[in-house]
Amino acid sequence: MPITADYHLHSSFSGDSDTPMEEMILKGIQLGLTEMCFTEHHDLDYPITESTPAGLFELNPDSYLYHFLKLKERYADQITLCFGVELGMQPHLARQNAAFVKAHDYDFVIASSHICHGKDPYYPAFYEGRSQDEAYLEYLTSIPENLQAFSNFDVYGHLDYVVRYGPQKDEGYSYEKYRDIFDQILQRLIDMGKGIEINTSALAKGMREPNPCIGVLKRYRELGGEIITAGSDAHAPTQIAYAFDRAADILKDCGFRYYTTFEKRSPSFHKLPSVNKGTHGR
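Please read these numbers as outputs of a predicted model, since none were measured by experiment.

A. Structural detail: the overall build of the chain. Along the backbone of the chain there are eight helices and nine strands. Taking 2.2 N^0.38 as the reference for a compact globule, 282 residues should give roughly 19 Å; the C-alpha atoms of the chain span a radius of gyration of 18 Å, in line with that estimate. Dimensions along the principal axes, computed over C-alpha positions, put the chain at roughly 50 × 45 × 35 Å. Counting every position in the chain, which comprises 282 residues, the buried fraction comes to 54%. Within the chain, residue pairs in contact and separated by at least 24 positions form 75% of the contacts whose partners lie at least 6 positions apart. Carbon and sulfur atoms provide 47% of the accessible area of the chain, an area that totals close to 12,100 Å². The chain carries 27 positive and 40 negative side-chain charges, and their two centres are separated by 5 Å.

In structure tokens:
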């Protein structure tokens, strides 16, 4: 496996997973990973519905840390485990999110846009009454609002998350179509010293490209971006490190020579080895 660190993982400490953390770790070891970073969801003010009761995506960091440290010690001679969090970005939550991050010594923090102006693009209601293009543009233009409000993170997660769930998904979608807003986002992240991720969850869902799409990854590198982590966004063992060989091919084709890991919020860079074109499984 050309990339041996999965930096976007969820377990039963996230509201949308019921997989015990130990099961995730054992599968990662079986796959040959050298490093796994758990990034459990913490999404304050998530819309309440019948399927998402209040607090569903609010992380209990003390319970999470206690359990994590026991497993980190148990498997210390087999794999490196890192303590991370995926923060849901909304501008009005900046102060609460900042306090949350400062309360514990995280190795890694992902900032992600799951909620756009009170709605999650996961649900069809986000797209009702307008074109897919209008919905995608609203989502993307909300990201600079979050970057203006909050900066205590390491990478911004799945920049085009919205594309996973649109009515036509990635049909008619490209970096070029939204070039102006993407360039604004990417330049702002680079100026802040922040990175992005290549998230392979879209590939697991049958889409043609990861999140963000290849055009965005290439443009980030062209603008001088260097910090990039690889994450499967796995919520179950079968999704861990999904298509990481293809992810390595994509990164190399986009001009990256390294992928990134973190310890105590400090990045380390790992050379991407040569990989065989056309071998895109795990």
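B. Representation of the packing of helix α4 (residues 132-149) against helix α5 (residues 179-192) within the structure. Two elements in contact, α4 and α5, have axes whose closest approach is 10 Å; the angle formed by their N-to-C orientations is 20°. In terms of orientation, α4 and α5 fall into the roughly parallel class. Judged by the twist between their axes, the crossing of α4 over α5 is left-handed. Side by side, α4 and α5 meet where L137, L140, T141, I143, P144, L147 and Q148 of the first sit next to I181, F182, Q184, I185, R188, L189 and M192 of the second. Taken together, the residues of the contact of α4 with α5 sort by class into ten nonpolar, three polar and one charged.

C. Expanded view of helix α8 (residues 244-253). Burial of α8 is extensive: seven of the ten residues sit out of reach of the surface. Turning to α8, its buried residues number three or more, namely F244, D245, A247, A248, D249, I250 and L251. Packing partners of the buried residues in α8 comprise β1 (5-9), β6 (195-199), α7 (214-222) and β7 (228-231).

D. Just the packing of aromatic side chains, in detail. One pass over the structure, following the stated rule, counts 20 aromatic pairs. Ring geometry for Y7 versus F108: centroids 5.1 Å apart, planes at 70°, classification edge-to-face. Of this pair, Y7 sits in strand β1 while F108 sits in strand β4 (residues 108-112), and the two are 101 residues apart along the sequence. Accessibility expressed as a relative area gives 0% for F108, which makes it buried.

E. Up close: the environment of K194. Looking at the element boundaries, K194 is found in the loop between α5 and β6. With a relative accessible area of 15%, K194 lands in the buried category. For the pair K194 and D154, spaced 40 residues apart in sequence, the C-alpha separation works out to 5.5 Å. Sequence-distant contacts of K194, that is, excluding residues within four places in its chain, are made with S151, F153, D154, L189, Y220 and I227.

F. Quick peek at helix α3 (residues 94-102). Taken together, the buried positions of α3 are A94, N97, A98, F100 and V101. An end-on view of α3 places all buried positions within 160° of arc, on one side of the element. For α3, the exposed residues set more than 90 degrees away from the buried face come down to R95 and K102. The elements touched by buried residues of α3 are β2 (35-42), α2 (61-74), β3 (80-88), β4 and α4.

G. Quick peek at the pairing of strand β9 (residues 266-271). Bridge analysis of strand β8 (residues 258-263) against β9 gives six bridges, and the strand direction is antiparallel. Considered in β9, the bridge of E263 is made with S266. Where β8 folds back onto β9 in an antiparallel hairpin, the turn is made up of two residues, including K264, whose phi is positive at roughly 50°.

H. Just the packing of α5 against α7, in detail. Packing of α5 against α7 brings their axes to within 10 Å, and their N-to-C directions diverge by 45°. Relative to α7, α5 is oriented oblique. Crossing hand, α5 versus α7: right-handed. Every residue of α7 that contacts α5 at F182, D183, L186 and I190 is listed here: V216, R219 and Y220. Split into classes, the residues belonging to the contact of α5 with α7 amount to five nonpolar, no polar and two charged.

I. Examining the environment of P47 more closely. In this fold, P47 is placed in the loop between β2 and α2. Judged by its relative accessible area of 25%, P47 is partly exposed. Apart from residues lying up to four places away in sequence, P47 is in contact with T52, I115 and G118.

J. Representation of the confidence of the model for the chain within the structure. Looking at the chain as a whole, the pLDDT averages 96, with 97% of positions reaching at least 70. Note that pLDDT drops below 50 for residues 277-282; the model gives that stretch 18 contacts with residues more than four away or on any other chain.

Definitions and limits used
Residues numbered from 1 in each chain as written. Predicted model: local features only at pLDDT ≥ 70, side-chain atom pairs only at ≥ 80, totals over all residues. Heavy atoms only, no water. Helix = DSSP H or I, 4+ residues; strand = E, 2+ residues; numbered from the N terminus. Rg over C-alpha atoms; globule rule 2.2 N^0.38 Å. Buried < 20%, exposed > 50% of the residue type's maximum accessible area, 1.4 Å probe, protein only. Contact = heavy atoms within 4.5 Å. Areas by Shrake-Rupley, 256 points an atom, 1.4 Å probe, with all protein chains shown as cover. Lys, Arg positive; Asp, Glu negative; His and termini not counted. Charge placed at Lys NZ, Arg CZ, Asp CG, Glu CD. Axes fitted to C-alpha atoms, helices over the stretch in contact; angles between N-to-C directions. Parallel < 35°, antiparallel > 145°, perpendicular 65-115°, else oblique. Left-handed = near helix turned anticlockwise from the far one by under 90°. Nonpolar A, V, L, I, M, F, W, Y, C, P; charged D, E, K, R; others polar. Phe/Tyr/Trp six-rings, centres within 6.5 Å; stacked < 30°, edge-to-face > 60°. Arc of directions from axis to C-beta. Pairing = 2+ DSSP bridges. pLDDT = per-residue confidence, 0-100.

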